[in-house]
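Secondary and tertiary structure notes
The lines below spell out each chain.
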2 protein chains.
Amino acid sequence: MTTLADCRALDAQDPLRALRELFTLPEGIIYLDGNSLGPLPKAAPERIARAVREEWGQGLIRSWNSAGWFEMPQRLGDKIARVIGAGPGEVVATDSTSVNLFKVLSAALSMVAADAPARRVVLSERSNFPTDLYIAEGLCRERGCELRLLEPHEIAGALGADTAVLMLTHVNYRTGAMHDMAAVTRAAHAAGALVVWDLAHSAGAVEVDLRGAGADFAVGCGYKYLNGGPGAPAFVWVHPRHADRFWQPLSGWWGHAAPFAFTPDYRPAPGIARYLCGTQPVLSMTALECGLDAFLAAEPLGGIPALRRKSLALTDLFIALVEERCAGHGLGLATPREHALRGSQVCLTREEGAYAIVQALIARGVIGDFRAGRPDILRFGFTPLYVGFEDVWNAAEHLRQVLESGEWRGPEFNRQHAVT
Amino acid sequence: MTTLADCRALDAQDPLRALRELFTLPEGIIYLDGNSLGPLPKAAPERIARAVREEWGQGLIRSWNSAGWFEMPQRLGDKIARVIGAGPGEVVATDSTSVNLFKVLSAALSMVAADAPARRVVLSERSNFPTDLYIAEGLCRERGCELRLLEPHEIAGALGADTAVLMLTHVNYRTGAMHDMAAVTRAAHAAGALVVWDLAHSAGAVEVDLRGAGADFAVGCGYKYLNGGPGAPAFVWVHPRHADRFWQPLSGWWGHAAPFAFTPDYRPAPGIARYLCGTQPVLSMTALECGLDAFLAAEPLGGIPALRRKSLALTDLFIALVEERCAGHGLGLATPREHALRGSQVCLTREEGAYAIVQALIARGVIGDFRAGRPDILRFGFTPLYVGFEDVWNAAEHLRQVLESGEWRGPEFNRQHAVT
């Protein structure tokens, strides 16, 4: 049996322990929802205040040049590239994940329409993040394509001569199950299809190697594991072999080859810059950069591979503690046990009361979450940058107490309202 | 001849004078570029710091509900509605102007395709803001429509049985010339076309009455006259008679009828909410709200009509001072003299040296700007919220000195580089 002393010993030995000091976490809170919104980097308040008071307040319009605002999508993109296995100049930070998905899926469908017009099917998972499916549904309607939704095990068999694009989220937001990016990409390419990856639940959380996998397109989120702040801009990557081939339809001024020439005709910039559209929210971009800098600070300590090892140790520990200490309370495990198939979260299942149990834990200061689409799931994200092994012990202990006391049956935990 | 004493007297009588105290302006700067980036509202640094430290840092994911993040697009939209003649619940603050233009132009073309498929032409002005033309160019390619660019005086004659959509910017960014929104909308409707208005250079600067004009669609910018901060989110308005008719193709989760139900199928929200797409940058939205609150503070002082009167008095004064005091230096006037045709800026023309003269003025602390697309234009924005009559005197006086001294011919003012 694992003990609290064991967990403390793991913290004492943790080479990444110091990274926790890069973040502000509220007193008395165990935060297991970094997969919804990452916490505040300690550097952010001062950096944002400087952007507000000096760059905006004093520099005014001059700051587009003097404060480097104009280079932010690329500068931040290069930092993101280092955590997703992309090269410099291949990523831009911009817009929202949904908008970026629209851009890359449009471009992918345009490529297929030119190269293999008989391919008219977009494949995805039924349990993909809904906004991805909504964007694909809209685009398929417009392009006369079919969106076909599958269970994960059906994907390999469904790839065929009619497949235009396979669009997947690398780590499933509900279950924490992870696709083998290299193998899936290989299978899709063998079938003649392009692959679009959504890294919302993997960038910054697991090892991602877009170049190594030979992927075609990717998008991801700035405010989850990248800790960029509420609604932080997202990112987009296109493999250089495709980046210059097509316009994406959101052809705004910032994606123009000569954005300050003010010519009436659009001429897309070379490379990933053509995936920019309109002016970006500089203050939110500034916050995002603070989140990204934490990953740069992690590089001398082993970077993403070291973070991944710790993440797996944290989720292994949580699974073990729940099984040892919460047995007999009807909990199941939705997240795969196999490391290669697991993201950075643990999803427990329970036939009854998942929502109320999550609420009772939040009242105790253990913040996990619940997603309405799968009402039987309790979701806990374990972020190796700032979650420690003792936190995992305490989270499991609170869960045990909530289940043993039955306090989750209280009416205050059973009022459903909008949750994000 | 107008004197400095006259200008000081105008300031002393100005009922809107107190509004200047709502903004931080750098010491020694006369800021005539609020039409590119509005200045910092005094309330913003503290409000943004609270959003960073308390809402994000302490509230974390809970702030989506407890800090009202989720209602921001509508809450800010309702504030914007009051300055553009729209009703509550008709506007959302979201995304960039370019992305929003894509949404409304898509919806407009879908409507025309359903109602009058023979109409395949989108009309616009050749000197429209380039990003608007780029978005229209991309969409027209995709929908098989033709984008036809005209001079302003050609518009009325070009409206016809083939016109699908007339897309115009209300106030021209280069010249400050303003369209008669009601008359143009009437003419377009009489010809059976829909009208999309870009309010980037008019929202917050001139009286806009979308409902009164019976307009169909509008978009606009948050960081110019609305003073929302660098790259602040933009806004979108759709007349309620159209809002429920069509999907716009950026069908993300935030525009879903039940965004937290996590259903795999998209079902657009009723009304303007369906023009939302992905998660919005909360920190930049927070800054935008501070900018909007300045307009609420102006309401008891006469609101937009009073601001408009002052704006015209400021631009009248600048034109008069330039003509009285800078005569013989080769300056012309690109902005219409007639009030009904003038926005809130004055554009001067000069065959030679426009760029260098603007640079020499900036070196003296008078910030106007220059746009590469029309290299003969010096542009000065006059924002009645914080620009005073003595500022206008001083700006004209600096301009006179720059021209008389010939200092603009110095090499330091003649190095062209990227300007925004």
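Source: prediction; values computed, not measured. (Residues numbered from 1 in each chain as written. Chains lettered and ligands numbered in written order. Predicted model: local features only at pLDDT ≥ 70, side-chain atom pairs only at ≥ 80, totals over all residues. Heavy atoms only, no water.)

**Quick word on the UniProt feature "binding site: pyridoxal 5'-phosphate" (unreviewed entry) in chain A**
All names here are of chain A. Feature annotation in UniProt places "binding site: pyridoxal 5'-phosphate" (unreviewed entry) on T97, S98, F129, P130, T131, D132, T169, D198, H201, Y223, W253 and T279, given in this structure's numbering. With the annotated positions falling across 183 residues, the maximum pairwise C-alpha distance of 30.1 Å shows that they are not confined to a single cluster. With respect to the helices and strands, the residue S98 is situated in helix 5 (residues 97-115). On the secondary structure map, W253 appears in the loop between helix 10 (240-243) and helix 11 (282-298). Classification of W253 as buried rests on a relative accessible area of 13%. (UniProt positions renumbered as here; feature names shortened; annotations may be inferred. Helix = DSSP H or I, 4+ residues; strand = E, 2+ residues; numbered from the N terminus. Buried < 20%, exposed > 50% of the residue type's maximum accessible area, 1.4 Å probe, protein only.)

**Some points on the UniProt feature "modified residue: N6-(pyridoxal phosphate)lysine" (unreviewed entry) in chain A**
All names here are of chain A. The feature "modified residue: N6-(pyridoxal phosphate)lysine" (unreviewed entry), as given by UniProt, occupies K224 in the numbering adopted here. Structurally, the position occupied by K224 is in the loop between strand 9 (217-220) and strand 10 (235-238). By relative accessible area, K224 is classed as buried at 8%. When near neighbours in sequence (up to four residues on either side) are disregarded, K224 contacts G34, N35, S36, G38, A200 and H201. (Contact = heavy atoms within 4.5 Å.)

**Observations regarding the packing of aromatic side chains**
Per the stated rule, a full pass over the model turns up 33 aromatic pairs over all chains. Taking the centre distance of 5.4 Å and the plane angle of 90° together, the rings of W64 of chain A and W69 of chain A count as edge-to-face. Judged by relative accessible area, W64 of chain A falls into the buried class, the value being 6%. An aromatic cluster of at least three residues, connected via ring pairs, comprises W64, W69, F70, W253, W254 and F260 of chain A. Between the NZ or CZ atom of R141 of chain B and the centre of the ring of W247 of chain A, over which it lies, the distance is 3.9 Å. Stacked on the ring of F129 of chain B, the Lys or Arg K224 of chain B has its end atom at 5.6 Å from the ring centre. (Phe/Tyr/Trp six-rings, centres within 6.5 Å; stacked < 30°, edge-to-face > 60°. Lys NZ or Arg CZ within 6 Å of the ring centre and 35° of its normal.)

**Things to note about the sheet that holds strand 4 (residues 91-93) of chain A**
Sheets are built from strands that pair by backbone hydrogen bonding, the pairs being arranged parallel or antiparallel. All names here are of chain A. The sheet built from 7 strands is open, its strands ordered 4-10-9-8-7-5-6 with mixed pairing. With one partner strand each, in any of the chains shown, strand 4 and strand 6 (146-150) form the two edges of the open sheet. With direction set aside, neighbouring strand axes in the sheet form an average angle of 15°. The sheet contact formed by strand 5 (residues 121-125) and strand 7 (residues 163-169) spans 4 bridges and is parallel. Bridge pairing links L123 to L166 in strand 7. Across the face of the sheet, helix 5 comes into contact with strand 5, strand 7, strand 8 (194-198), strand 9 and strand 10 while running at roughly 170° to strand 9. (Pairing = 2+ DSSP bridges. Axes fitted to C-alpha atoms, helices over the stretch in contact; angles between N-to-C directions.)

**Description of the sheet that holds strand 14 (residues 377-381) of chain A**
Residue and element names in this part refer to chain A. The strand order 11-12-14 describes an open sheet built from 3 strands, whose pairing is antiparallel. Because the sheet does not close on itself, it has two edges, and the strands there are strand 11 (332-333) and strand 14. Two elements, strand 11 and strand 12 (residues 345-349), share 2 bridges in a ladder whose sense is antiparallel. Residue pairing across strands places L333 opposite L348, the latter belonging to strand 12.

**Remarks on the pattern of salt bridges**
Enumeration over the complete set of coordinates arrives at 56 salt bridges over all chains. The shortest N-O distance in the salt bridge between R17 of chain B and D11 of chain B comes to 3.3 Å. Judged by relative accessible area, R17 of chain B falls into the partly exposed class, the value being 33%. Measuring nitrogen to oxygen at the nearest pair gives 2.9 Å for the salt bridge that ties D391 of chain B to R20 of chain B. With D391 of chain B in helix 14 (residues 389-405) and R20 of chain B in the loop between helix 1 (4-13) and strand 1 (23-24), this pair connects stretches of sequence that are 371 residues apart. Overall, the relative accessible area of 15% leaves D391 of chain B in the buried class. Judged by relative accessible area, which is 22%, R20 of chain B ranks as partly exposed. Among the ionic contacts, a cluster of salt bridges with common partners joins R75, K79, E289 and D293 of chain A. (Salt bridge = Lys/Arg side-chain N within 4 Å of Asp/Glu carboxyl O.)

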